[in-house]
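Examining the three-dimensional arrangement
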Amino acid sequence: MKPFFFCLALACHTVAWAQTLTFDEHDANRAPEAIAVRFTDGIDLDGQLDELEWQNGAPAKDFWETFPSDTSRSTYPTEIYFGFDDQNLYVAAICRTPGSAFVIPSLRRDYRAGGNDNITFVFNPFRDKTNAIVFGMNPYGVNREALIYNGGESSEDFREEWDNKWRGESYIGEDYWSCELVIPFSSLRFPSGATEWFFNSYRMDTQSNTRSTWHRIPQNQTIMSLAYMGSLKFQGGAPAAQGKNIAVIPYAGGGMRKDYQADTPTDFDGDIGGDAKVGIGSGLNLDLTVNPDFSQVEVDEQVINTTRFEVFFPERRQFFLENADLFGSFGFERANPFFSRRIGVTRDTTTGEGLQNAIYFGARLSGKLNDDWRVGLLNMQAAKNSDQGLPSFNYTVAATQRRIGARSNVGGIFVNKQNFTNFSDSTERNPDFNRVAGLDFNLATRDNAWNGKTFVHRSFSQLDGGDDYTHGLNLEYRHRNWNIEYDHLYVGEEFNAEVGFVPRRGYFTSGLQAAYITYPTNPGVIQKGPVFEARLFSQPGDGLTDRNVSGGYQWRFANTSRFNTGAGYEYIFLFDDFDPSRTGATPLPGDRGYGFWRAGAEYESDSRKRVSTGLETEVGEFFNGYGYSLSGNLQYRYQPFGSIDLRFSYQYIDLPDPYASKALFLIGPRIDFTFTKSVFLTTFLQYNDQINNINVNARLQWRFAPVSDFFLVYTDNYDSLDLGVKNRAIVAKVTYWLNI
């Protein structure tokens, strides 16, 4: 009889609620509240909410639409219930739908929310509205977990690579689906005995083509913005922090590799190592690693690079992800004093090329001291590279952050790369030590209307230089009809952050971006409006060097598709010779400027469809000639088992003799197949004409227990000119998560 009474209560609530679909600004901006109640016997995890205890609390309900409009309650209700005991947090949701024709791209964990049916739960236990823990479910019972950094202001702040131990199941009923989650408190960091956490939830419903949130989020904000959080109150207070919170994650692996170009014998190897996670108090976590192996990490997506500077690829290794923003969000994206992918990488002293090398061990303490203070300390020891004559480097990073006001903070960082061995090769490319120290102030107002940052950093090394600091500032204003951002950045010629990401030095840049947003009455168009951007570059002693200005128009449609178009002018002064094709062709002469006009457009189709696409094209002048490009993807979804995503990039550079006229082509079909909710196969094929390479990477993953996996990874590289094999490897690895 329990399901009958529950459904009757839900039906009565739905009828009463449906009569109050009017917009009230004060009501919309008020933080909603929900209550979690203590459970005595846990739950039967089947996704059906059979337990009467679910009804004892106050659910999170009355969701607001955020797409296609943001001024009304959701037509199809969502209700979220909460319970807890000393070991677990229990979460359940009922999601009303107009039918059961769900869009489920695949059975793979850690799906992205857009373009499919799902619900996401966002927890902010320390109530700082800056960092959050995410759990999610879809109607087929596929789970996801993630971390949100920096207030959730952009897609880069959402990191689905994070993993942890919890369970969830779903159930599909008539015109609704429901789910239940059991989240061990040992998987969370939270203030011991707190009576309140901040919480929000967002839901995607493809059949009604709506997106909704518990706390209303305006359309000009991201749907995962942490500025808009409701209150989750624990009846009698949340449990005390877990007294014993230790997880050990050993691995064993081995493989074979052969370098066909060097014609060396096949290399067979095997290894063991592992990680450990130790909870310290209520908010700190100690990560330990010995002889880590990251062979299971997905391969980077290759790109065609016609710029003068290094391309950024994000960190994907699990060890570095928890509280990664505390270490890695200092400075700007292109003036970052600490980039964790530099750890375990040395450089060839002859060519300057990056070389991978092993990490012996590492420790990483990070998290919350209290509501206002966050701290981080990292130390890792990398192996030497005897072939290159490079020493074994130690990497140390210390970071701290102090909250100011509602959501702002001030932080400091110190980065040290040090050679402690007797061997010394203190060259310009490889000094014995390199250090960076800096201070940042991050601004985020309570209503998220103003966001910004300012910082100053300085580097220290044996190779002394006077101009060894960097400074930056940006300020963004968000209004319902306006998004305006100003920024500037100075990087000194001698600023040297060897463990950071600083692809260009010795310049000052400033820029202004503005977008005007309107919300037309046309039901097919959600938003539209013009955009403008201008940027200047100068160098000390040389004055203004580079500049660009562009304008355009953008549309966002009710069927979730987008279209943008624009044109602009760019001027680049080359101080040195430069080959934009990066193929060894005759370079363009330096010590002169090049100005050129470009125009382009981009389109993203309705991602709910089985076949979807994204296209971007650009045409016009390029340096002293012309350039044309077309890039994008074409995806076919064979629901619910996976998808084939064909990604491509074509660029044609047409320069006068004797300079390069070159067609550069990159194609990378990604085949994603999920046999079950625990067995996944990903195959990535990439043909890159710029580096004459064909890459094959296939990764089979079997999750045989919570956060415990078997990986089989096959990698092959061919010369695209003669199809000769460059190198080949196959690696097997097993990891197991053991709570002690």
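The shown structure was predicted, so the numbers you read here are calculated from the model rather than taken from an experiment.

What counts as what
- Residues numbered from 1 in each chain as written.
- Predicted model: local features only at pLDDT ≥ 70, side-chain atom pairs only at ≥ 80, totals over all residues.
- Heavy atoms only, no water.
- Helix = DSSP H or I, 4+ residues; strand = E, 2+ residues; numbered from the N terminus.
- Contact = heavy atoms within 4.5 Å.
- Areas by Shrake-Rupley, 256 points an atom, 1.4 Å probe, with all protein chains shown as cover.
- Core = buried A, V, L, I, M, F, W, Y, C linked by side-chain atoms within 4.5 Å.
- Buried < 20%, exposed > 50% of the residue type's maximum accessible area, 1.4 Å probe, protein only.
- Polar contact = N/O pair within 3.5 Å; in protein donor to acceptor, adjacent residues only side chain to side chain.
- 1 Å grid on protein atoms, 1.4 Å probe; cavity = no way out; pocket = protein on both sides within 12 Å on 5 of 7 lines; lining within 4 Å.
- Points joined across faces, edges and corners; volume = space filled by probe spheres on them.
- Nonpolar A, V, L, I, M, F, W, Y, C, P; charged D, E, K, R; others polar.
- Salt bridge = Lys/Arg side-chain N within 4 Å of Asp/Glu carboxyl O.
- Patch = residues over 30% accessible without salt bridge, like charges linked within 9 Å, V, L, I, M, F, W, Y side chains within 5 Å.
- Pairing = 2+ DSSP bridges.
- Phe/Tyr/Trp six-rings, centres within 6.5 Å; stacked < 30°, edge-to-face > 60°.
- pLDDT = per-residue confidence, 0-100.

1. Details of the overall build of the chain
Scanning the chain from terminus to terminus reveals three helices and 40 strands. Of the contacts formed within the chain by residues at least 6 apart in sequence, a portion of 60% connects residues at least 24 apart. When the accessible area of the chain is evaluated, it comes to approximately 31,500 Å², of which 56% is carbon and sulfur surface.

2. A short note on the nonpolar core
Grouped together as the largest cluster of nonpolar side chains are 39 residues, with contacts concentrated most on Ile-80, Phe-82, Leu-89, Phe-121, Phe-123 and Trp-197. If you list the elements that add at least two residues to this core, you get strand S1 (33-38), strand S3 (78-84), strand S4 (88-96), strand S5 (118-124), strand S6 (132-137), strand S10 (176-184), strand S11 (196-205) and strand S13 (230-234). Setting aside residues no more than four positions away along its own chain, Phe-123 makes contact with Phe-82, Leu-89, Val-91, Ala-132, Ile-133, Phe-135, Ile-183, Trp-197, Phe-198, Phe-199 and Leu-232. Counting 29 residues, the second-largest nonpolar core is a separate cluster that includes Phe-330, Met-380, Phe-393 and Val-499.

3. Things to note about the environment of Asn-118
Take Asn-118: it is sitting in strand S5. Sequence spacing of Asn-118 and Gly-141 is 23 residues, and the spatial spacing of their C-alpha atoms is 9.6 Å. In this structure the side chain of Asn-118 is engaged in a polar contact, spanning 2.9 Å, whose partner is the backbone oxygen of Ala-113. Separated by 2.9 Å, the side chains of Asn-118 and Asn-116 make a polar contact.

4. A closer look at empty space enclosed by the protein
Counted by the stated rule, this structure contains nine cavities of 30 Å³ or more. Along the walls of the second largest cavity sit 21 residues, with Asn-131, Ala-132, Ile-133, Arg-189 and Asn-323 positioned nearest its centre. For the lining of the second largest cavity, the elements supplying multiple residues, two or more each, are S6, strand S7 (143-148) and strand S19 (359-368). Among the residues making up the lining of the second largest cavity, the classes are represented as nine nonpolar, six polar and six charged.

5. Some words on the pattern of salt bridges
Opposite charge on two side chains allows them to pair when their charged atoms are near. Enumeration according to the criterion identifies 35 salt bridges in this entry. For Glu-160, the salt bridge is made with Arg-112, and the minimal N-O distance between the two is 3.4 Å. Placement of Glu-160 in the loop between strand S8 (158-159) and strand S9 (167-173) and of Arg-112 in the loop between S4 and S5 is noted, with a sequence separation of 48 residues between them. A salt bridge links Asp-371 to Arg-127; its shortest N-O distance comes to 3.5 Å.

6. With respect to a nonpolar patch on the surface
Nonpolar side chains collect at one region of the surface, where Ile-246, Trp-702, Phe-704, Val-734, Tyr-736, Leu-738 and Ile-740 lie side by side and expose about 600 Å² of accessible area between them. Locating Tyr-736 in the fold gives a position in the loop between strand S39 (725-735) and strand S40 (738-739). Taking the relative accessible area as the measure of exposure, Tyr-736 reaches 39% and is therefore partly exposed.

7. A look at the layout of surface pockets
The computed volume of the second largest pocket comes to approximately 320 Å³. Around the second largest pocket, the lining comprises 19 residues; the ones closest to its centre are Arg-109, Asn-143, Trp-166, Gly-168 and Lys-677. At the level of secondary structure, the elements contributing two or more residues to the lining of the second largest pocket comprise S7, S9 and strand S37 (693-705). Its residues assigned to classes, the lining of the second largest pocket comprises seven nonpolar, five polar and seven charged.

8. Digging into the pairing of strand S31 (residues 592-604)
Residues in a regular strand point their side chains to alternate faces of the sheet. Bridge analysis of strand S30 (residues 562-574) against S31 gives 13 bridges, and the strand direction is antiparallel. Bridging across to S31, Tyr-571 finds its partner in Gly-595. Sheet analysis places S31 next to strand S32 (residues 611-622), joined by seven bridges and oriented antiparallel. When the bridges of S32 are listed, Ala-601 appears paired with Thr-617. Hairpin geometry of S31 and S32 is characterised by an intervening segment of six residues between the two adjacent antiparallel strands.

9. Re the packing of aromatic side chains
On inspection of all chains with the given rule, the structure shows 39 aromatic pairs. With 5.0 Å between their ring centres and 50° between their planes, Phe-123 and Phe-199 make a pair best called tilted. Remark: Phe-199 occurs in strand S11 and Phe-123 occurs in strand S5; sequence separation between them is 76 residues. Taking the relative accessible area as the measure of exposure, Phe-199 reaches 0% and is therefore buried. On the basis of an interplanar angle of 15° and a centroid distance of 6.2 Å, the ring pair of Phe-641 and Phe-673 is categorised as stacked.

10. Observations concerning the pairing of strand S12 (residues 210-213)
Along S12, one buried face is formed by Thr-210 and Ser-212 and the opposite face, lined by Arg-211 and Thr-213, is buried too. Relative to S12, S11 runs antiparallel, the two sharing four bridges. Within S12, the residue paired with Tyr-202 across the bridge is Thr-213.

11. Re the confidence of the model for the chain
Residues shown with low pLDDT carry predicted positions that ought not to be read at fine detail. Residue-level pLDDT values for the chain average 87, and 89% of them are 70 or greater. Within the chain, no element has a lower average pLDDT than helix H1 (residues 2-18), which sits at 38, and none a higher one than S5, at 97. Scored below 50 in pLDDT, residues 1-22 shows 24 contacts in the model against residues more than four places distant or in partner chains.

12. With respect to the side chain of Ser-561
One can find Ser-561 in the loop between strand S29 (543-557) and S30. Engagement of the side chain of Ser-561 in a polar contact is seen with the side chain of Asn-559, the distance being 2.6 Å. Setting aside chain neighbours within four positions, we find Ser-561 in contact with Arg-556, Tyr-603, Glu-604, Ser-605 and Asp-606.

13. Thoughts on the environment of Pro-640
As for its placement among the helices and strands, Pro-640 is situated in the loop between strand S33 (625-638) and strand S34 (642-654). Assessed through its relative accessible area of 16%, Pro-640 is described here as buried. Here the alpha-carbon distance between Pro-640 and Pro-105, two residues 535 residues apart in the chain, equals 5.3 Å. Ignoring anything within four residues of it in the chain, the contact list for Pro-640 reads Ile-104, Pro-105, Ser-106, Leu-107, Tyr-140 and Thr-674.

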